[in-house]
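# Report on the structure
Each chain, letter by letter, is given below.
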Amino acid sequence: MFAFARLLAFVSVAALLWSEGGVARPQRRAQCAATLSTAKDVANRLQSRYYNTLTGQYNDGELWTDSNALEDLHNLMLADGSDDFGDVADQSYIGKAALNSGTNWNDLLNGSNDDAQWIILALWKVADYKAAKGQDGSAYVSSAGTIYDIIAGEWDDGTCGGGVWWSTKHDYKNSITNELFLLTSAYGYLRNQNQTYLDNANKEWNWLSQSGLRNSDGLYNDGLVTNTCQNNGQTTWTYNQAVVAAGLGALGVANQDTSLFDEAEVSLDATVNHLASGGVLKESCDDSSGTSCNADQSIFKGIWTKHVQYYLDQANDSARTAKYSAFLGAQADAINTNAITADKDVGNVWYASGGGQENPQASTAGLEAFVADAKYGPC
Ligand SMILES: *[C@@H]1O[C@H](CO)[C@@H](O)[C@H](O)[C@H]1NC(C)=O
Ligand SMILES: *[C@@H]1O[C@H](CO)[C@@H](O)[C@H](O)[C@H]1NC(C)=O
Ligand SMILES: *[C@@H]1O[C@H](CO)[C@@H](O)[C@H](O)[C@H]1NC(C)=O
């Protein structure tokens, strides 16, 4: 029985890796071409307005949001089959660091255990794109593994019974860092079949699910009070409600346990019910009479859509997809109605017109929403 279950797990992992290589799944409908075309327009504008080819960074960007943008360009190319941004990765700040075996990742990460894991996700996506093109992505995979080991070393059982610290200052345990560790561990296992990753994923979910970070509405607050280990009641940012779902999707596949998909949908459903206005995501700092979101906060809604995409990739279940399809479509529609300019800049307020700001993070969020809609929204 055990051996048979393992064999089944291996077969499904092989199928997942095959699909992640960028080969279309025959059983899924074609992605929505019109939406992918809008996504490409947004990506082109993101690159022309903000990307600095000399530094390989985005003007007004940050390491972690740059990582998301790099990931998204490759998510788009894997979706539409193009090579439009195929030369970006190797010339980017992050890509050059990944290609250089001498990179001191501890220095580059600067103690930031959440930022580090967005880099892992970007490096894996670049590697998937390269694999789909028959190119060598091994340096990207290798660097991702190096970063992963640094983060795994930041796990601590001493304070609040477990969890990865937010930073090497070791003064805060928060949702995003631990949701990302669930995702990089579970999804990492699906990629490399390394038991250490699966053990870490289960260890993380065992802790996270008991941590009190998910409140009675089903939403993850920002973090824990370090002294008391109580939920600190701080903001329920949208991205915290979907990165955990992507992680649970991967762990559900790894453990062959669909109850983890149900757990994933607790925070997704809570987002739809509590963090939207008129069916459109609304960050607490979003305001059509003037946003108070900072640059970081401008990307969160897009990350929610991207990680719903990743969750649905893992769940691979038409009923679960149907549950979120219209909502994903509504986000893209709202951006088209309220937040996109003729030049294909995207503002950070989607739920109503006005009040938004333009920056690389908001454009990246728009790109994410369109790619997710192309894959799973109604076309
Ligand atoms: C997804 O589900 C379909 C049937 O519902 C199955 O044929 C296919 O192999 C699954 N794909 C993966 C990657 O598990
Ligand atoms: C590194 O972290 C320190 C302390 O958090 C911060 O003051 C500094 O600005 C960071 N450096 C970079 C390059 O981000
Ligand atoms: C599994 O991953 C761990 C942590 O990255 C690493 O130390 C170990 O060498 C890996 N095992 C194999 C067989 O690759």
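In the nomenclature of an unreviewed UniProt entry, the protein corresponds to Six-hairpin glycosidase from the organism Gloeophyllum trabeum.

### With respect to the overall build of the protein
Helix and strand counts for the protein stand at 15 helices and four strands. Its C-alpha atoms give the protein a radius of gyration of 19 Å, within 12% of the compact-globule value 21 Å for 379 residues. By its C-alpha atoms, the protein is 55 × 50 × 45 Å across when sized along the principal axes. Each of the 379 residues in the protein was classed as buried or not, and the buried ones make up 57%. Sequence separation of 24 or more characterises 69% of the internal contacts of the protein that already satisfy a separation of 6 or more. Side-chain charges in the protein split into 23 positive and 44 negative, and the spacing between the mean points of these groups amounts to 5 Å.

### Regarding the site of ligand 3
Every residue close to ligand 3 is listed here: Asp149, Asn194, Thr196 and Tyr197. Side-chain polar atom of Asp149 to an oxygen atom of ligand 3: 2.6 Å apart, as the coordinates give it. Between ligand 3 and Asn194 there is a distance of 2.2 Å, counted from an oxygen atom to a side-chain nitrogen or oxygen. For ligand 3, the accessible surface in isolation is 360 Å², of which the surrounding protein chains cover 37%.

### Here's the deal with the pattern of salt bridges
According to the stated counting rule, one finds 20 salt bridges in the structure shown. For Asp345, the salt bridge goes to Arg45, with nearest N and O atoms at 3.0 Å. One end of the pair, Asp345, is in the loop between helix 14 (318-339) and helix 15 (360-376); the other, Arg45, is in helix 2 (residues 33-50), with 300 residues separating them in the sequence. Given a relative accessible area of 3%, Asp345 falls into the buried group. Overall, the relative accessible area of 23% leaves Arg45 in the partly exposed class. Note that Asp83 and Lys133 form a salt bridge whose closest N and O atoms lie 2.8 Å from each other. Of this pair, Asp83 sits in the loop between helix 3 (63-80) and helix 4 (88-91) while Lys133 sits in the loop between helix 7 (113-132) and helix 8 (138-152), and the two are 50 residues apart along the sequence. Residue classification places Asp83 among the partly exposed positions, given a relative accessible area of 47%.

About the cut-offs
- Residues numbered from 1 in each chain as written.
- Chains lettered and ligands numbered in written order.
- Predicted model: local features only at pLDDT ≥ 70, side-chain atom pairs only at ≥ 80, totals over all residues.
- Heavy atoms only, no water.
- Helix = DSSP H or I, 4+ residues; strand = E, 2+ residues; numbered from the N terminus.
- Rg over C-alpha atoms; globule rule 2.2 N^0.38 Å.
- Buried < 20%, exposed > 50% of the residue type's maximum accessible area, 1.4 Å probe, protein only.
- Contact = heavy atoms within 4.5 Å.
- Lys, Arg positive; Asp, Glu negative; His and termini not counted.
- Charge placed at Lys NZ, Arg CZ, Asp CG, Glu CD.
- Near = heavy atom within 4 Å.
- Polar contact = N/O pair within 3.5 Å; in protein donor to acceptor, adjacent residues only side chain to side chain.
- Areas by Shrake-Rupley, 256 points an atom, 1.4 Å probe, with all protein chains shown as cover.
- Salt bridge = Lys/Arg side-chain N within 4 Å of Asp/Glu carboxyl O.

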